[in-house]
Amino acid sequence: MNGRHLALFMSVAYFAIGFSPITALAMAIIGILPLSVATLLIVLPATLLGIVLSLLFPAYGKLALKGLLIGLIAVFLYDCMRVPFILTGIWGDFIPKINMLLFNTSQPNWVVGYTWRYIGDGGYMGMAFTVAYCILKPRVDARIAGVAFGLAIWVCLLGTLILAPHGQEMLFKLTLTTMSLSLLGHLIYGIALGMLLPYALREKVIGTAPIMAVMGNSQVVLEVLSGEEETVILPPQLRVRPMWEHKTTRLSVAIS
């Protein structure tokens, strides 16, 4: 597999891995598969694949880990907006109900629900966004791409609420207030991803030449992703010779 194919494969692979938890949850809410079964068939194999790829290609694994951390921060900022509305009773907290779907029980669990939300949803989707954006390097600012990413997730949430027979009972009732708040939350999440991405990766990935332009050499791609500097050999006419190598002109001494 050459550099170009490897980079494209990694982009698709980590994107699929990143969306595996939210896909499993949506399938359970719609009624396609129970969450416990979807976790074993989708989330667990995807997670194992991500670990194997990270071990085989540490540069991509490092990039995915940074994306996971960015996603955790972004979902925390989302919750900073959401929690006050939950405490005042304006917006119900459906996250603990994830435990009911996962373990087929009637008891919600705060720890299980928020672990899934932060790592499975927020963290994994942050990983998907980071790896895809940094490898494909689209001609759009990271902040704009982050907003579009957050909006796309929000549209998928609305689709789940509308299409699932008991979606609004399991998650939240769709009203003008809850729809506006969920939109605001996903915008915060997307904006946070876009703003944190350049700071996390510095100038090694963001702000350099598009990675697609150097995919002809897989070693170059891995060096760029891992943050290693590439040695640039200047042409002969641009090299500066040391002063002591310069030839000097013999001085003529006039004898009077």
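The rules we used
Sequence order as written defines residue numbering, which begins from 1 separately in each chain. Confidence filtering applies because this is a predicted model: local features only for residues at pLDDT of at least 70, side-chain atom pairs given and counted only at 80 or more, and all residues used for totals across whole chains, interfaces and linings. Side-chain figures throughout are based on the complete set of non-hydrogen atoms in the structure, without hydrogens or water. Here is the rule: rings of Phe, Tyr and Trp (six-membered ring for Trp) pair when centre to centre is within 6.5 Å. Planes less than 30 degrees apart are stacked, more than 60 are edge-to-face, and the remainder are tilted. Where helices and strands are cited, they refer to DSSP runs of H or I of at least four residues and of E of at least two residues respectively, numbered from the N terminus. The rule is simple: take the accessible area with a 1.4 Å probe, protein chains only, and divide by the maximum for that residue type; under 20% is buried, over 50% is exposed, in between is partly exposed. Salt bridge, as applied in this entry: a Lys or Arg side-chain nitrogen positioned within 4 Å of an Asp or Glu carboxyl oxygen. Axis lines are fitted to C-alpha atoms, over the contacting stretch for helices. Their N-to-C directions set the angle, which ranges from 0 to 180 degrees. Geometric relationships in this document are graded by angle, where less than 35 degrees denotes roughly parallel, more than 145 denotes roughly antiparallel, 65 to 115 denotes roughly perpendicular, and other angles denote oblique. Contacts were defined at the residue level, with two residues in contact if any of their heavy atoms lie within 4.5 Å. Residue polarity is assigned by list, with Asp, Glu, Lys and Arg as charged and Ala, Val, Leu, Ile, Met, Phe, Trp, Tyr, Cys and Pro as nonpolar; anything else, Gly included, falls into the polar class. Joining through side-chain atoms within 4.5 Å is the link that ties buried Ala, Val, Leu, Ile, Met, Phe, Trp, Tyr and Cys residues into a set, and such a set is a nonpolar core. A helix is expected to span 1.5 Å multiplied by its residue count minus one. One fitted axis covers the seven residues ending at a residue, a second covers the seven starting there, and the bend at that residue is the angle between these axes. Pairs of N or O atoms are called polar contacts if they sit within 3.5 Å, as long as, within protein, a hydrogen donor faces a hydrogen acceptor (for residues adjacent in sequence, only side-chain-to-side-chain pairs). Patch rule: a residue counts if its relative accessible area is over 30% and it has no salt bridge; like charges are joined within 9 Å, and nonpolar side chains (Val, Leu, Ile, Met, Phe, Trp, Tyr) within 5 Å. Here the Shrake-Rupley method, with its probe set to 1.4 Å, supplies the accessible areas, and only the displayed protein chains count as covering residues.

**Student:** With reference to specific residues and values, describe the packing of aromatic side chains.
**Tutor:** For the structure shown, the criterion picks out 9 aromatic pairs. Each ring, one from F57 and one from Y60, has its centre 6.4 Å from the other, and the planes form 85°; the classification is edge-to-face. A ring pair is formed by W91 and F172, whose centres lie 5.6 Å apart and whose planes are at 90°; its orientation type is edge-to-face. Separated by 81 residues along the polypeptide, W91 in the loop between α4 (58–87) and α5 (98–103) and F172 in the loop between α8 (167–170) and α9 (176–205) bring together distant segments of the chain. As far as the burial class goes, W91 and F172 line up, both buried.

**Student:** Tell me about the pattern of salt bridges, and please be specific about residues and values.
**Tutor:** All chains considered together, the criterion is met by 4 salt bridges. Close ionic contact of R143 with D141 constitutes a salt bridge, the shortest N to O distance being 2.8 Å. If you follow the salt bridges from partner to partner, you end up with D79, R82, D93 and R117 in one network.

**Student:** So, the environment of L69: which residues are in play, and what are the values?
**Tutor:** By secondary structure assignment, the location of L69 is in helix α4. Of the residues examined, L69 reaches a relative accessible area of 47% and is grouped as partly exposed.

**Student:** Report on the packing of helix α2 (residues 20–30) against helix α6 (residues 110–136), specifying residues and quantitative values.
**Tutor:** For the pair α2 and α6, interaxial distance at closest approach is 7 Å and the crossing angle is 120°. By the angle between their directions, the pair α2 and α6 is classed as oblique. Each of S20, P21, I22 and L25 in α2 lies in contact with α6, whose residues at this interface are W116, G120, D121, Y124 and M125. When its residues are assigned to classes, the contact of α2 with α6 shows 6 nonpolar, 2 polar and 1 charged.

**Student:** Tell me about the environment of G92, and name the residues and values.
**Tutor:** Its place among the elements puts G92 in the loop between α4 and α5. The exposure class of G92 is partly exposed, given its relative accessible area of 45%. Residues G92 and T178 lie 86 residues apart in sequence; the distance between their C-alpha atoms is 9.1 Å.

**Student:** So, the nonpolar core: which residues are in play, and what are the values?
**Tutor:** If you look at the biggest cluster of nonpolar residues, it comprises 54 residues, and the most contacted ones within it are Y14, L35, Y189 and L197. Contributing elements (two or more residues each) for this core: α1 (3–18), α2, α3 (35–56), α4, α5, α6, α7 (142–163) and α9. Of the residues forming this core, the biggest block, 10 residues, is contributed by α6. Sequence-distant contacts of L35, defined by excluding residues within four places in its chain, comprise A24, L25, A28, I98, L101, L102 and W116.

**Student:** If you had to explain α6 to someone new, which residues and values would you point to?
**Tutor:** Along its 27 residues, α6 runs 37 Å from first to last C-alpha, staying within 8% of the 39 Å computed at 1.5 Å per residue. The largest bend in α6 amounts to roughly 25° and is located at G123. Across the 27 residues of α6, 20 count as buried, placing the element largely inside the fold. Between the side-chain oxygen at the start of α6 and the backbone nitrogen of V111 there is a gap of 3.0 Å, and the oxygen is on N109. Where α6 ends, the next residue or the one after it, K137, has phi of about 45°, a positive value.

**Student:** Can you lay out a nonpolar patch on the surface for me, pointing to particular residues and giving the numbers?
**Tutor:** Among the surface-exposed residues, V37, L40, L41, L44, L48, I51 and L55 lie close enough to one another that they form a single nonpolar patch of about 690 Å² accessible area. Along the chain, L55 falls in helix α3. Overall, L55 belongs to the exposed group, its relative accessible area being 68%.

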